[in-house]
Amino acid sequence: MGHKLKIVGWLSVGALAGALTTVSLQTVARGNMAPLPLEELQQLAAVFGMVKSDYVEPVDEKKLITEAISGMVASLDPHSQYFDKKSFKEFSEGTSGRFVGVGIEISQEDGLVKVVSPIEGSPADRAGLKPNDLITKVDDTPLKGLSLSDAVKRMRGEPKTKVVLTIFRKDENRTFPVTIIREEIKTQSVKSKLIEPGYGWIRVSQFQERTVEDFARKIEDMYKQDPQLKGLVLDLRNDPGGLLDAAVALSAAFLPQNVTVVSTNGQLEESKFTYKAAPQFWRRNSSNDPITRMTQATGGALKKVPLVVLVNEGSASASEIVAGALQDYQRGTLMGSQTFGKGSVQTVRQLGPDTALKITTARYYTPKGRAIQAKGIVPDVMLDETENGNVFAALRTREADLGKHLSNGKEAEEAKDPAREKAREEAMKKLEEESKKPVAERRLPEFGSEKDFQLQQALNQLKGLPVKASTTLAERKVEKKD
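Since the structure is predicted, the reported quantities are computational estimates derived from the model, not experimental observations.

What to know about the overall build of the chain
Right, on to step 1. Counting its regular elements, the chain contains 12 helices and 19 strands.
Right, on to step 2. Contacts in the chain between residues at least 24 apart in sequence constitute 70% of all its contacts with a sequence separation of at least 6.
Right, on to step 3. Total accessible area on the chain is roughly 25200 Å²; 53% of this is exposed by carbon and sulfur atoms.

Focus: the sheet that holds strand E15 (residues 307-311)
Right, on to step 1. As summarised here, the arrangement of the six strands in space is E10-E11-E12-E15-E16-E19, forming an open sheet in which the pairing is mixed. Both edges of this open sheet fall to strand E10 (190-196) and strand E19 (381-382), since each of them pairs with a single strand only.
Right, on to step 2. Note that strand E16 (residues 333-336) and E19 share two bridges and pair parallel. The partner of Met335 across the bridge, within E19, is Val381.
Right, on to step 3. Relative to the sheet, helix H7 (residues 211-225) contacts E10, strand E11 (199-204) and strand E12 (231-235), its axis offset from that of E10 by approximately 20 degrees.
Right, on to step 4. Helix H12 (residues 453-463) rests against E10, E11, E12, E15 and E16 of the sheet, and its axis sits at about 160 degrees to E15.

Focus: the confidence of the model for the chain
Right, on to step 1. For the chain, per-residue confidence averages 83 on the pLDDT scale, and residues scoring 70 or more make up 80% of the total.
Right, on to step 2. A low-confidence stretch, residues 1-31 stays under pLDDT 50, and its non-local contacts, those more than four residues away or across chains, total 26 contacts.

Describing the pattern of salt bridges
Right, on to step 1. Per the stated rule, a full pass over the model turns up 16 salt bridges.
Right, on to step 2. The partner of Glu183 in a salt bridge is Arg126, with the nearest N and O atoms 2.8 Å apart. With Glu183 in strand E9 (residues 183-186) and Arg126 in helix H5 (residues 123-126), this residue pair connects regions lying 57 residues apart in the sequence.
Right, on to step 3. Using a relative accessible area of 29% as the deciding quantity, one classes Glu183 as partly exposed.
Right, on to step 4. Judged by relative accessible area, Arg126 falls into the exposed class, the value being 53%.
Right, on to step 5. Notably, a salt bridge pairs Lys468 with Glu387, separated by 2.9 Å at the nearest N-O pair. Taken together, the residues span a long stretch of sequence, with Lys468 in the segment after H12 and Glu387 in the loop between E19 and helix H11 (418-435) at a distance of 81 residues.
Right, on to step 6. You can call Lys468 partly exposed: its relative accessible area is 46%.
Right, on to step 7. Among the charged side chains, a salt-bridge network with shared partners connects Asp133, Arg169, Glu172 and Arg174.

A short note on the nonpolar core
Right, on to step 1. Grouped together as the largest cluster of nonpolar side chains are 52 residues, with contacts concentrated most on Phe207, Phe215, Leu232, Leu234, Phe254 and Leu302.
Right, on to step 2. In terms of residues, this core owes the most to one element, helix H8 (residues 244-254), which gives nine residues.
Right, on to step 3. When sequence neighbours within four positions are dropped, the list of residues in contact with Leu302 reads Phe215, Ile219, Tyr223, Leu232, Ala253, Phe254, Met294 and Arg331.
Right, on to step 4. Ala124, Leu143, Met155 and Val178 belong to the second largest nonpolar core, which has 17 residues in total.

Section: H8
Right, on to step 1. Burial analysis of H8 places 10 of its 11 residues in the buried class, the great majority of the element.
Right, on to step 2. Listed in full, the buried residues belonging to H8 are Leu244, Ala246, Ala247, Val248, Ala249, Leu250, Ser251, Ala252, Ala253 and Phe254.

What to know about the packing of aromatic side chains
Right, on to step 1. Using the criterion set out here, one finds five aromatic pairs in the structure.
Right, on to step 2. Both rings, one in Phe273 and one in Tyr275, keep their centres 4.8 Å apart while their planes meet at 65 degrees; by these two values the pair is edge-to-face.
Right, on to step 3. Every member of this aromatic cluster is reached through a ring pair, and the members are Phe273, Tyr275 and Phe281.
Right, on to step 4. Across from the ring centre of Trp201, 5.8 Å away, lies the NZ or CZ of Lys193, which sits over that ring.

What about the side chain of Thr264?
Right, on to step 1. Tracing the backbone shows Thr264 in strand E13 (residues 260-266).
Right, on to step 2. Reaching out from Thr264, the side chain makes a polar contact with the backbone oxygen of Ser271 at a distance of 2.7 Å.
Right, on to step 3. Excluding residues that lie within four positions of it along the chain, Thr264 makes contacts with Ser271, Lys272, Phe273, Tyr275, Val345, Ala362, Arg363 and Tyr364.

About the thresholds
Residues numbered from 1 in each chain as written. Predicted model: local features only at pLDDT ≥ 70, side-chain atom pairs only at ≥ 80, totals over all residues. Heavy atoms only, no water. Helix = DSSP H or I, 4+ residues; strand = E, 2+ residues; numbered from the N terminus. Contact = heavy atoms within 4.5 Å. Areas by Shrake-Rupley, 256 points an atom, 1.4 Å probe, with all protein chains shown as cover. Pairing = 2+ DSSP bridges. Axes fitted to C-alpha atoms, helices over the stretch in contact; angles between N-to-C directions. pLDDT = per-residue confidence, 0-100. Salt bridge = Lys/Arg side-chain N within 4 Å of Asp/Glu carboxyl O. Buried < 20%, exposed > 50% of the residue type's maximum accessible area, 1.4 Å probe, protein only. Core = buried A, V, L, I, M, F, W, Y, C linked by side-chain atoms within 4.5 Å. Phe/Tyr/Trp six-rings, centres within 6.5 Å; stacked < 30°, edge-to-face > 60°. Lys NZ or Arg CZ within 6 Å of the ring centre and 35° of its normal. Polar contact = N/O pair within 3.5 Å; in protein donor to acceptor, adjacent residues only side chain to side chain.

In structure tokens, the structure reads:
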């Protein structure tokens, strides 16, 4: 019996070795690089065979190979990733800004799901759901105790399928069921409003396929409401990034034509590239260029309107590209706190119909050649989160805190700061205390609200009034990896 198992195992080894040899030849052909090391490949194949033949119970071959690929890619840096069928679908939905569901922005309150806002025109909006409604059940499943991601999964599904949400409306003190038919939802990554006459606020929460069109339309609407805009706040706080072409387009809306927005540099020749403020770098088809349309409709107003850009530790990747470009050309005043520092390029290469590899292929550089990776963008004016100082900033993880993060490539790395770990412990205690308070009494208000301290300082900057700059925040240097 053992002899038969070994035969089976070595047959598996032969099949895997053959496959790896093919991959090796393809790699050599594609990149003109040295062949992969045969001795290590043979060890990998031998381990695969032993696990297949000797493990205590049968192991799925495909799962073994998938896990081996995932482990190999995960060892590179925090942003490289192997996508199986499920994760590739979720990734595609995230960048497209489309998913199938009921259409609500949600948060969690007292272990239940709270409706922050129904997405305009969505099934939830048409069904009459309101902000602050609590969802207690999805179909027959109580949500108390479930994580937010699990609750989201239960509300999503296939198009034209039915889901029953049980709603508790606090201001009416009643519970009632709402039947909703799921459909494709297009998320809104751009919000805007006139804060007061002459001053506008536009927030980009993520760079998706629809972001450029939504941004252009919101700006056009804003200028229709107030053609004499005296100042604008571009809010990129907690924007995790997204599509590069959307970031280039957004930067170009404020910058002179054809100037450099961002450049990339990596091992492959195709990863060495310069993106400029010109339509060919963001236009997806010849008939649709929202930025040119908006520029014409507003008479080029965004090229000269006084501008403040708000950023924080949650501003990453594409939002850092925009912030870095606008800062390099002194197009506006950058305010807030040092950004996340995710300055690397990920290229998605499809491996099959529903699998892909997301791999880091280059670093980003601002127009003046500053490397964003691990350092981020340092604002012109540092701002605390609230009038009482920074409450939870120490808890926010930055790129330099991540294990296996890609180095800056330019600046020497410094040792980690023990004081930062102490600050994290203190912030964690404050967070526990804060979470016990009623929502209305918690410290950090919604971005864009009247109680948004940083937004008020941005308005003061635009009006030439005194700004309450931080007395404690300082530039955080690039730290050594563990």
